[in-house]
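Each chain, letter by letter, is given below.
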Amino acid sequence: MSLLGIRCAPFNGLFVTHKMTGLRRWVSVSSISLAVFLVGCSVGPDYVTPIVETGDRYKAVEGWIPAMPSSPNPGDTWWEIYQDPTLDRLMTRLNENNLSIEQAQAQYRQAVSLVRSADASLYPTLGLTGDVTRADVPVVVPGSSAVVGGTAPYTEYASGLGLSWEIDLWGGIARNIEAQSASAQASAGDLAAARLSAQAALATTYLQLRVLDVQSDLLARTVAAYDRSYQVTVRLQRAGLVDKTDVAVSRTQLESARVQQLDLRWQRSQLENAIAVLLGQAPSSFALEPVAEMKIRPPAIPVGLPSTLLQRRPDIASAERRTAAANAQIGVATAAWFPDLSISAN
């Protein structure tokens, strides 16, 4: 293979290069077969799910099972168990406009793009170049140093086609794909965690706001009753049936209830603003009408939390995937110690 030049060098920036002088030069079948055979090599440890010894059972609790973490279904509408149409509408807006969810979605799309980019490294790269040059032959004026354009303009066309392929000799590219894939799965877990966290925050804030609505309605009726009692006490004092102390006590009771009413209004305003922020909306343009009756019926909660609740936590699944990605990066770093093999043709 006299037409095929090979250059080997240490890892510090140099690489092994195969160059061919023209498109009509072909590499022998034996060389290609050898390269394909070498692609199967892979360095670095294979990922094995860590096994933690926790014993066969707890000392004080019976019936436990090993946790098998998995991401929850993104379409899970768990808040519908409260049967509140307003909460359903707010959740729909949250999934569409929440900034934390949008950020996690963008990070997930970035991770998927990195997987595609890493996967593309397994295939050859084809480059096409073109160049057009328009020139005129210069003419020197006799008896002077002046140069003017010539009378023989010409156009020059040039094109080039290049092909390069880095053979995955030691499995570094495959390990990188493995690492990026695990990172993308971890990013999917982060997205599920961000969505679940925002949904839980909205549901909690909304329920607290509705509780304050009921308390505010009850307190408003209490203030009205205290006001009537105060008016009656004033009339009784004017009639001489009670002294001024009873009037002062009734007035203090009324004003204390009014202060509590103001405090509940302030708390409700804070919760309403928090809901607006979760929905990605300016608090000044968002409002929820108060209700006098709590129509939400909380679901029945079992005495003990099932182990499946822990298994559905996306942050646990995300942490396990990051462990797999870190393990694959060991193979990428190990492959960097060995020389690269690239084939290029022009």
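Residues numbered from 1 in each chain as written. Predicted model: local features only at pLDDT ≥ 70, side-chain atom pairs only at ≥ 80, totals over all residues. Heavy atoms only, no water.

Asker: Even after reading the chapter, I still don't get the pattern of salt bridges, so can you show me in this structure?
Answerer: Side chains that differ in charge, positive against negative, can pair when their charged atoms come close. Enumeration over the complete set of coordinates arrives at 12 salt bridges. The residue arginine 210 makes a salt bridge to aspartate 213 at a minimum N-O spacing of 2.7 Å. Of this pair, arginine 210 and aspartate 213 both sit in helix 4 (residues 172-238), 3 residues apart, which is roughly one turn of that helix. The exposure classification of arginine 210 matches that of aspartate 213, with both residues buried. As a salt-bridge pair, arginine 221 and aspartate 217 come within 3.2 Å of each other at their nearest N and O atoms. Of this pair, arginine 221 and aspartate 217 both sit in helix 4, 4 residues apart, which is roughly one turn of that helix. By relative accessible area, aspartate 217 is classed as partly exposed at 24%. (Salt bridge = Lys/Arg side-chain N within 4 Å of Asp/Glu carboxyl O. Helix = DSSP H or I, 4+ residues; strand = E, 2+ residues; numbered from the N terminus. Buried < 20%, exposed > 50% of the residue type's maximum accessible area, 1.4 Å probe, protein only.)

Asker: Looking at this model, I keep getting lost on the side chain of glutamine 261. Mind explaining?
Answerer: Looking at where glutamine 261 falls in the secondary structure, it is placed in helix 5 (residues 244-278). On the basis of relative accessibility, which here comes to 17%, the residue glutamine 261 falls in the buried class. Other than its neighbours up to four places away in sequence, glutamine 261 contacts Leu219, Ala220 and Val223. (Contact = heavy atoms within 4.5 Å.)

Asker: Help me understand the packing of helix 4 against helix 7 (residues 314-335) in this model?
Answerer: Between helix 4 and helix 7, the least distance of the axes is 8 Å, while the angle of their chain directions is 160°. The orientation of helix 4 with respect to helix 7, classified from their angle, is roughly antiparallel. Of the two elements, helix 4 crosses helix 7, and the hand of that crossing is left-handed. Residues that form the contact of helix 4 with helix 7 fall into these classes: 12 nonpolar, 9 polar and 5 charged. (Axes fitted to C-alpha atoms, helices over the stretch in contact; angles between N-to-C directions. Parallel < 35°, antiparallel > 145°, perpendicular 65-115°, else oblique. Left-handed = near helix turned anticlockwise from the far one by under 90°. Nonpolar A, V, L, I, M, F, W, Y, C, P; charged D, E, K, R; others polar.)

Asker: Would you take a moment to explain the nonpolar core for this structure?
Answerer: Nonpolar side chains in soluble globular proteins tend to end up buried together. Core analysis: the biggest nonpolar cluster contains 33 residues, and Leu90, Leu94, Leu202, Tyr206 and Ile275 have the highest contact counts within it. Those elements that place two or more of their residues in this core are helix 2 (85-97), helix 3 (99-120), helix 4 and helix 5. The dominant element in this core, judged by the number of residues it contributes, is helix 4, at 13 residues. The contact partners of leucine 94, leaving out residues within four places of it in the chain, are Ile101, Ala198, Gln199, Leu202, Leu278 and Leu279. (Core = buried A, V, L, I, M, F, W, Y, C linked by side-chain atoms within 4.5 Å.)

Asker: Help me understand a nonpolar patch on the surface in this model?
Answerer: Side chains of Leu126, Leu128, Leu161 and Leu163 sit close together on the surface and give an oily, nonpolar patch of about 420 Å² of accessible area. Mapped by element, the contributors of at least two residues to the nonpolar patch are strand 3 (125-135) and strand 6 (154-167). Assignment of secondary structure puts leucine 161 in strand 6. (Patch = residues over 30% accessible without salt bridge, like charges linked within 9 Å, V, L, I, M, F, W, Y side chains within 5 Å. Areas by Shrake-Rupley, 256 points an atom, 1.4 Å probe, with all protein chains shown as cover.)

Don't take any of this as a statement about function, it's just geometry.
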